[in-house]
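What follows is each chain in one-letter form.
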Amino acid sequence: MATSSDAQASAETGLSKKQINRAVAGVMTGLLLSALDQTVVSTALPSIVSDVGGLENLAWVITAYLLTSMASTPVWGKVSDQFGRRIVFIVATSVFIAGSVLCGVALVLVERRAAEPVVPMTLFRLRLFSLGSVYSLVAGLALFTGVVFLPVYFQAVKGMSPFVAGTAVVPTMIGVGFASVYAGNRMSATGRFRIFPVLGAVLLVATLLPLGFIDADTPSWLMILLGMVLGVGAGFTLQPIITAVQGVVAQEDIGAATAAVSFFQRLGSAVGVALLGAILTSRFASLLAERGGAALGVNEKSAGSVDTIRTLAPQQRELVVGAYGDALATVFLTVVPFAVLAVVLSLLMPETRIAADASVDAPADNAPEPETVSEKEQ
């Protein structure tokens, strides 16, 4: 139901409420990109300036950034008046991404020249390590979506207390533990690992796809069951990749390779939660506006707390709970393409035989080089 404020906004801007929400979501995504990039660069800056002349140059680097930002802001403003905001936003974002890529290339060049790089660049020549790292990034994004947002559903939509919501996600953790132990035993018995990343990614798709169509009326038992299957997928996905990577790298690189794969898993989780959290907030606000939240006196701020939702009037609470359920469905559905990509990446991985008596902490001095199934068959 359109409100007077919605009609006034549409009349002033010439845009519908949905178009305005999309524009706001685009701007928020751009700000998120900028915040993430600045956080990474500012954290790495002391190490960077130490390599190029010492910490005394830190102020000059920051000053250069501030001066260029200050000088370019009026230019972007004037250009946007002449050519439109949309094209300027696209161009500015593209320039920003290009600068981010150059920063990444500079850190890679430094790592290649370093006597003891944190992550040896030679590791990326190994097909399993390269694919496994990207797989870990994508799978980490998909997996932690369920881990983070399932409790939100139980509390905000189903009205569960934190204790009961925590109990509802226990089956998810049980699924993780069971699958990890089972995968470890089977890998020790057969020496093969690839079936588990493939199966784990397939389970991700099979779980996230139905989660993309939930609403406030979805039974709690079904959500708990889907969470348990998601946990099994997590157990099949995360640890087998690390174990397989450890089997193909040189002994002196095992620690760096293990840490790198874990890093990509956590990076995917962090980026995914931040991005999808923004999608949840934007979608929730949009649904409230579309369904007449202003007429009932509720918006994303007044209904943004679980405790507040419990105190709303029945009609208000029904609106908010329904919007939250549908917004969370959008979040889960957004992750499905990433899960599908994880399936593709897992199928591209070479099968690696893992010795049953292999030990990372105490390897045999005369251990043979690992071989892939595809190389042996050829």
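Residues numbered from 1 in each chain as written. Predicted model: local features only at pLDDT ≥ 70, side-chain atom pairs only at ≥ 80, totals over all residues. Heavy atoms only, no water.

The next subject is the overall build of the chain. A count of helical and extended segments in the chain gives 14 helices and 0 strands. Overall, the chain shows an N-to-C arrangement of helices and strands of α-α-α-α-α-α-α-α-α-α-α-α-α-α. Counting only residues that meet the buried cut, the chain has 35% of its 378 residues in that class. At a minimum sequence separation of 6, the contacts of the chain that also span at least 24 residues come to 75%. If you sum the accessible surface of the chain, you get close to 20,600 Å²; carbon and sulfur atoms cover 66% of it. (Helix = DSSP H or I, 4+ residues; strand = E, 2+ residues; numbered from the N terminus. Buried < 20%, exposed > 50% of the residue type's maximum accessible area, 1.4 Å probe, protein only. Contact = heavy atoms within 4.5 Å. Areas by Shrake-Rupley, 256 points an atom, 1.4 Å probe, with all protein chains shown as cover.)

In this section: the nonpolar core. In this structure, Phe-154 and Val-320 are the most contacted members of the largest nonpolar core, which totals 76 residues. Only helix H5 (127-157), helix H6 (162-168), helix H7 (170-190), helix H8 (195-211), helix H9 (220-246), helix H10 (254-290) and helix H13 (314-348) provide two or more residues apiece to this core. The greatest single-element share of this core, amounting to 16 residues, is contributed by H13. Setting aside anything within four residues of it in sequence, one finds Val-320 in contact with Phe-284, Leu-288, Val-298, Ala-303, Ile-309 and Leu-312. (Core = buried A, V, L, I, M, F, W, Y, C linked by side-chain atoms within 4.5 Å.)

Now for the pattern of salt bridges. On inspection of all chains with the given rule, the structure shows 1 salt bridge. A salt bridge links Arg-291 to Asp-326, with the nearest nitrogen and oxygen atoms 2.5 Å apart. With a gap of 35 residues between them, Arg-291 in the loop between H10 and helix H11 (293-296) and Asp-326 in helix H13 connect regions that are remote in the sequence. Residue classification places Arg-291 among the partly exposed residues on the basis of a relative accessible area of 37%. (Salt bridge = Lys/Arg side-chain N within 4 Å of Asp/Glu carboxyl O.)

Here the focus is a nonpolar patch on the surface. A cluster of nonpolar side chains, namely Val-27, Leu-31, Trp-76, Phe-83, Ile-87, Phe-89, Ile-90, Val-91 and Val-95, defines an oily patch on the protein surface of about 820 Å² accessible area. Listed by contribution, the elements that provide at least two residues to the nonpolar patch are helix H2 (17-51), helix H3 (58-83) and helix H4 (85-113). A total of 5 residues in the nonpolar patch trace back to one element, the largest contributor, which is H4. (Patch = residues over 30% accessible without salt bridge, like charges linked within 9 Å, V, L, I, M, F, W, Y side chains within 5 Å.)

We now examine the packing of aromatic side chains. Remark: the centre distance and the inter-plane angle together describe each pair of aromatic rings, the angle taken between the planes. Enumeration over the complete set of coordinates arrives at 8 aromatic pairs. Ring centres of Tyr-153 and Phe-154 lie 6.1 Å apart, and the angle between their planes is 75°; on these two criteria the pair is classed as edge-to-face. Accessibility classification places Tyr-153 together with Phe-154 in one group, the buried group. Pairwise contacts between aromatic rings join Phe-178, Tyr-182, Phe-196 and Phe-236 into one cluster. (Phe/Tyr/Trp six-rings, centres within 6.5 Å; stacked < 30°, edge-to-face > 60°.)

Before going further, it helps to spend a moment on H5. A rise of 1.5 Å per residue sets the reference length of H5, with its 31 residues, at 45 Å; its end C-alpha atoms lie 44 Å apart and thus fit the reference within 8%. Along H5, the sharpest kink reaches roughly 30°, centred on Phe-149 and followed within four residues by the proline Pro-151. Of all 31 residues that make up H5, 23 are buried, and the element is covered over most of its length. Note on H5: the residue one or two positions beyond its end, Gly-159, has a positive phi of about 75°. (Expected span 1.5 Å × (residues − 1). Bend = angle between axes of the 7 residues up to and from the residue.)

This next bit is on the packing of H9 against H10. It is the contact of H9 with H10, at a shortest axis distance of 9 Å, that shows an interaxial angle of 155°. On the basis of the axis angle, H9 is roughly antiparallel to H10. Here H9 and H10 pass one another in a crossing that is right-handed. Only Ile-254, Ala-257, Thr-258, Val-261, Ser-262 and Gln-265 of H10 make contact with H9, whose side of the interface consists of Leu-238, Ile-241, Ile-242, Val-245 and Gln-246. For the contact of H9 with H10, the residue count by class is 7 nonpolar, 4 polar and no charged. (Axes fitted to C-alpha atoms, helices over the stretch in contact; angles between N-to-C directions. Parallel < 35°, antiparallel > 145°, perpendicular 65-115°, else oblique. Left-handed = near helix turned anticlockwise from the far one by under 90°. Nonpolar A, V, L, I, M, F, W, Y, C, P; charged D, E, K, R; others polar.)

With respect to the helices and strands, the residue Val-306 is situated in helix H12 (residues 306-311). Sequence spacing of Val-306 and Ser-161 is 145 residues, and the spatial spacing of their C-alpha atoms is 9.3 Å.

Time to look at the side chain of Thr-172. Within the secondary structure, Thr-172 is located in helix H7. With near-sequence residues (within four places) excluded, Thr-172 lies in contact with Leu-150, Gly-227, Met-228 and Gly-231.

The interhelical angle for the contact between H5 and H8, taken along N-to-C directions, is 40°, at an axis separation of 11 Å. The angle between H5 and H8 places the two elements in the oblique class. Between H5 and H8 lies a crossing of left-handed hand. Facing Tyr-135, Ala-142, Leu-143 and Leu-150 of H5, the residues of H8 in contact are Pro-197, Ala-201, Leu-204, Leu-208 and Leu-211.

We now examine the environment of Ile-97. Mapped onto the elements of the fold, Ile-97 is located in helix H4. For Ile-97, a relative accessible area of 42% corresponds to the partly exposed category. For the pair Ile-97 and Leu-33, spaced 64 residues apart in the sequence, the C-alpha separation amounts to 8.9 Å.

Per-residue pLDDT for the chain averages 79, and the proportion of residues at 70 or more is 81%. Per-element mean pLDDT across the chain ranges from 42 in helix H14 (residues 373-377) up to 94 in H8. Confidence over residues 357-378 falls short of pLDDT 50; this stretch has 16 contacts with residues more than four positions distant or in other chains. (pLDDT = per-residue confidence, 0-100.)

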